[in-house]
Amino acid sequence: MSDKKISPAVIHRLPRYYRYLSELLEEGVERISSGELSERMRVTASQIRQDLNNFGGFGQQGYGYQVVSLKEEIGHILGIDRGHRVIIIGAGNLGRALANYPGFEKRGFDIAGIFDSDPDKCGCPAGNLTVRNTEELPVFLSNTPVDIAALTLPKSAALEVAESLTDFGVKAFWNFSSAELQHSEVLAKAGAVVENVHLAESLMRLSYALTDRDGLV
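Residues numbered from 1 in each chain as written. Predicted model: local features only at pLDDT ≥ 70, side-chain atom pairs only at ≥ 80, totals over all residues. Heavy atoms only, no water.

Engineer: Which residues make up the overall build of the chain, and what values go with them?
Structural biologist: Helix and strand counts for the chain come out as nine helices and 10 strands. Taken along the three principal axes of its C-alpha coordinates, the chain extends 60 × 50 × 35 Å. Taking all 217 residues of the chain together, the buried fraction comes to 36%. A separation of at least 24 residues holds for 55% of the contacts in the chain among residues at least 6 apart in sequence. Accessible area for the chain stands at about 13100 Å²; split by element, carbon and sulfur atoms hold 50% of it. Between the averaged position of the 22 positive side-chain charges in the chain and that of its 28 negative side-chain charges there is a distance of 5 Å. (Helix = DSSP H or I, 4+ residues; strand = E, 2+ residues; numbered from the N terminus. Buried < 20%, exposed > 50% of the residue type's maximum accessible area, 1.4 Å probe, protein only. Contact = heavy atoms within 4.5 Å. Areas by Shrake-Rupley, 256 points an atom, 1.4 Å probe, with all protein chains shown as cover. Lys, Arg positive; Asp, Glu negative; His and termini not counted. Charge placed at Lys NZ, Arg CZ, Asp CG, Glu CD.)

Engineer: With reference to specific residues and values, describe the side chain of Thr166.
Structural biologist: Take Thr166: it is sitting in the loop between α7 (155-165) and β9 (172-175). A distance of 2.6 Å separates the side chain of Thr166 from the backbone oxygen of Glu163, its partner in a polar contact. Excluding its chain neighbours within four sequence positions, the residues that come into contact with Thr166 are Phe173, Val186, Leu187 and Ala190. (Polar contact = N/O pair within 3.5 Å; in protein donor to acceptor, adjacent residues only side chain to side chain.)

Engineer: Can you lay out the packing of aromatic side chains for me, pointing to particular residues and giving the numbers?
Structural biologist: The full count for this structure, using the stated rule, is four aromatic pairs. Arranged with centres 5.8 Å apart and planes meeting at 85 degrees, the rings of Phe104 and Trp174 form a pair that is edge-to-face. Of this pair, Phe104 sits in the loop between α5 (93-100) and β4 (109-116) while Trp174 is found in strand β9, placing the two residues 70 residues apart along the sequence. Taking the centre distance of 4.7 Å and the plane angle of 65 degrees together, the rings of Trp174 and Phe176 count as edge-to-face. (Phe/Tyr/Trp six-rings, centres within 6.5 Å; stacked < 30°, edge-to-face > 60°.)

Engineer: Now, about the environment of Ser117: what can you tell me, with residues and values included?
Structural biologist: Mapped onto the elements, Ser117 comes out in the loop between β4 and β5 (125-126). Put simply, Ser117 and Asn175 are 58 residues apart on the chain and 18 Å apart in space, counted from C-alpha to C-alpha. In this view, Ser117 contacts Asn133 and Thr134; residues no more than four positions away in its chain are not counted.

Engineer: I'd love a proper account of the packing of helix α1 (residues 8-26) against helix α2 (residues 34-41), names of residues and values included.
Structural biologist: It is the contact of α1 with α2, at a shortest axis distance of 11 Å, that shows an interaxial angle of 105 degrees. With respect to their mutual orientation, α1 and α2 come out roughly perpendicular. Of the residues in α2, those in contact with Arg16, Tyr17, Tyr20 and Leu24 of α1 are Leu37, Arg40 and Met41. Tallied by class, the residues present in the contact of α1 with α2 amount to five nonpolar, no polar and two charged. (Axes fitted to C-alpha atoms, helices over the stretch in contact; angles between N-to-C directions. Parallel < 35°, antiparallel > 145°, perpendicular 65-115°, else oblique. Nonpolar A, V, L, I, M, F, W, Y, C, P; charged D, E, K, R; others polar.)

Engineer: An account of the pattern of salt bridges is needed here, citing residue identities and associated values.
Structural biologist: Applying the stated criterion across every chain, the model contains five salt bridges. Between Glu27 and Arg40 there is a salt bridge, with the nearest N and O atoms lying 2.6 Å from each other. Taken together, the positions of Glu27 in the loop between α1 and β1 (31-32) and Arg40 in helix α2 put the pair 13 residues apart, joining distant regions of the chain. Of the residues examined, Glu27 reaches a relative accessible area of 47% and is grouped as partly exposed. We note a salt bridge from Asp110 to Arg85, for which the minimum N-O separation is 3.8 Å. Residue Asp110 is located in strand β4, and its partner Arg85 is located in strand β3 (residues 84-89); the two are separated by 25 residues in the primary sequence. (Salt bridge = Lys/Arg side-chain N within 4 Å of Asp/Glu carboxyl O.)

Engineer: Just give me the short version of the sheet that holds β9, but keep the residues and values in it.
Structural biologist: The strand order β7-β4-β3-β8-β9-β10 describes an open sheet built from six strands, whose pairing is parallel. Two strands in the sheet have a free side with no partner beyond their single neighbour: β7 (132-133) and β10 (193-196). Judged from the four bridges that link them, strand β8 (residues 148-151) and β9 form a sheet pairing that is parallel. For Ile148, the partnering residue across the bridge sits in β9 and is Ala172. The strands touched by α7 within the sheet are β3, β8 and β9, with β8 carrying the most contacts at an inclination of about 170 degrees. (Pairing = 2+ DSSP bridges.)

Engineer: Any chance you could break down the environment of Val67 for me, citing the residues and the numbers?
Structural biologist: Here Val67 is to be found in helix α4 (residues 67-78). Looking at Val67, the relative accessible area reads 0%, which means it is buried. It is 7.2 Å that separates the C-alpha atoms of Val67 and Val29, two residues lying 38 residues apart in sequence. Once residues lying within four places of it in the same chain are set aside, the contact partners of Val67 are Leu21, Leu24, Leu25, Val29, Glu30, Arg31 and Ile32.

Engineer: So, the pairing of β9: which residues are in play, and what are the values?
Structural biologist: For the crossover from β8 across α7 to β9, the handedness is right-handed. Examined bridge by bridge, β9 and β10 share four bridges and lie parallel to one another. Its bridge partner lying in β10, Ala172 is registered against Val193. (Right-handed = clockwise from strand over helix to strand, strands pointing away.)

Right under this line is the structure:
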């Protein structure tokens, strides 16, 4: 892959390519042209070719793309072929929903544990896991290397928890709280990366789209 800086917009589209290619394989499709893929994804064929050319290009003119090899290449670019161990901090409704989601494993994410500080939640089932007390985290992380922590806990606790997890080698945070983790000097020093998921903001953007469509703005 080239050393040139890849646009964030391109990176954001790669998981979508991966998802569509997975669906094509499930349908038994072995080869597809950029034009056919563009019809499915509602992205121009030119955009698809430009995106993939950032990584060297994987198709042949007049032949198209081998679906299985293109999926593998994109999976490699995204790093999911290496596999990542994930823990969930917060066993409320959202945390348990993540633990129950069956799609993570087939995309290379191993949900290794779910933790909560509420004794009433500890010992309860969450997917294939049992909720553990957060007091067990130091021992757990000492024996089980973890790449990613999903934070589904209150804003007031998220920053402290995230910063403490860097002491155990956790370098990536899937942040469902409203805490602004990216401003943490501790996380920056540790080289941690943060992906913020603001559900309410997403819903408000949808509300704006409806309001704008109806001419009320």
